[in-house]
Amino acid sequence: VMERPLVRGNSVEELVDGAQAYPAMLEAIDGAQRSIMLASYIFHGDGVGAQFVDALKRAMARGVAVRVLVDDVDVRFTRSNAYKPLRRAGVPVGVFNPPLVPARLNAVHLRNHRKILVVDGMLGFTGGMNIDRRYWTPQPPPAGSKAVSRDLHFRLRGPVVPQLAQVFAEDWHFAAGEELRGAPWFVPCAAAGDVLARCIDDGPDESAEPLRWSMTAGLDQAKRAVRIMTPYFVPDSSLITALDVAAMRGVEVDIVLPSTSDLPHVHWAAWGQLWQVLERGCRVWTSPGPFDHTKLMVVDGAWTLLGSANWDARSLRLNFELNVECYSAELGARMEALVQSRLRTARQVTMDEINARSLPVKLRDGAARLFAPFL
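Residues numbered from 1 in each chain as written. Predicted model: local features only at pLDDT ≥ 70, side-chain atom pairs only at ≥ 80, totals over all residues. Heavy atoms only, no water.

A. Spotlight on the pattern of salt bridges. By the definition in use, this model includes 26 salt bridges. As a salt-bridge pair, E14 and R334 come within 3.0 Å of each other at their nearest N and O atoms. One end of the pair, E14, is in strand 1 (residues 7-16); the other, R334, is in helix 11 (residues 329-343), with 320 residues separating them in the sequence. Given a relative accessible area of 21%, E14 falls into the partly exposed group. Ionic contacts of the salt-bridge type, sharing partners, join the residues R227, E252, D254, R283 and E336 into one network. (Salt bridge = Lys/Arg side-chain N within 4 Å of Asp/Glu carboxyl O. Helix = DSSP H or I, 4+ residues; strand = E, 2+ residues; numbered from the N terminus. Buried < 20%, exposed > 50% of the residue type's maximum accessible area, 1.4 Å probe, protein only.)

And the structure:
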């Protein structure tokens, strides 16, 4: 089922929130000597995004080969998108899958949700974080203003990085028609750590559904505990069954969701079906604000699935996604500790709370569930 092999010798470092991720990514871009591959579903051209545009422009001036890929939906519907600033700066930028009416109107839902940065073919970044001003500010927000949202990203070194580059190269070829081969895009990567890892890229062009199988396999193999963090939780019946079976075997299944969402209709749909996991013994928690966009799955403190995919049909059926599965007790322990730190401030959702919703709220949530295949 898996297209790419597991490779040994990787380093995977977590970057918590934009305050850690963006400076690390900008430092990598400023240190680039040969090549930069950058893909982001959302790429704002203002705020922190302007710093990325400037850094990419400086890299071009140094003679670094740069390619940037953005999704058409963000370009088309976000006024602050970085596409025009990048073009003005002379940066080669591709637009993924523009749905030309009417010939490709069916492609409007097929979006590239991947987040990839590869520098000099040897240093990689991926996770859940877009280049989005909502996730970083150089100073604390003023009193009374909306807090900066949370997220999780990762810095990777080692033989898994060329797999990140290969996914980008395939997307770039599809969007721009240019093949990226050999140096400076692909270089040998020596061992940099002890993590066994591989990239799992998934999308509507994949018939085998590797991400769904990875999630299901993680649940099926769990012996002690499964921790899941996701901003959007609208799983289909097969994943609900796998979650429930794990809980019924005695595995601790903790699902951590944000208490408030940036997409209310998805939040309503989630609440419309939480009873399906709660009644079988899974534990659901809501973390207090600010909004948490983190996407993470940890099994038995030893297997970690990180990346761009949410637990919903859009990620598993419609979007082009990229996750990395990692086998490492050390990384798993750090991710377990991160989840536990969120649980300490989270509130547990109960069946009594689900049942106590008013009839109008139940009807609203149930109606939202009807659209689950497209949320």
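B. Molecular detail of the environment of L343. Residue placement: L343 occurs in helix 11. Judged by relative accessible area, L343 falls into the buried class, the value being 11%. Excluding anything up to four places from it in sequence, L343 contacts D254, V256 and W285. (Contact = heavy atoms within 4.5 Å.)

C. Geometry of the side chain of D71. As for its placement among the helices and strands, D71 is situated in strand 3 (residues 65-71). Of the residues examined, D71 reaches a relative accessible area of 1% and is grouped as buried. A polar atom in the side chain of D71 sits 2.8 Å from the side chain of R111. Within the structure, the side chain of D71 is placed 2.8 Å from the backbone nitrogen of N112, a separation counted as a polar contact. Other than its neighbours up to four places away in sequence, D71 contacts S40, Y41, V95, F96, R111 and N112. (Polar contact = N/O pair within 3.5 Å; in protein donor to acceptor, adjacent residues only side chain to side chain.)

D. Region of interest: the nonpolar core. Grouped together as the largest cluster of nonpolar side chains are 43 residues, with contacts concentrated most on I36, F43, F52, L56, V68 and L86. Those elements giving two or more residues to this core turn out to be helix 1 (17-30), strand 2 (35-40), helix 2 (48-61), strand 3, strand 4 (93-96), strand 5 (116-119), strand 6 (123-127) and helix 8 (264-271). Excluding its chain neighbours within four sequence positions, the residues that come into contact with V68 are L38, F43, L56, L86, V91, P92, V93, G94, F168 and W172. If you look at the next biggest cluster of nonpolar residues, it comprises 42 residues, including M229, L331, M335 and V339. (Core = buried A, V, L, I, M, F, W, Y, C linked by side-chain atoms within 4.5 Å.)

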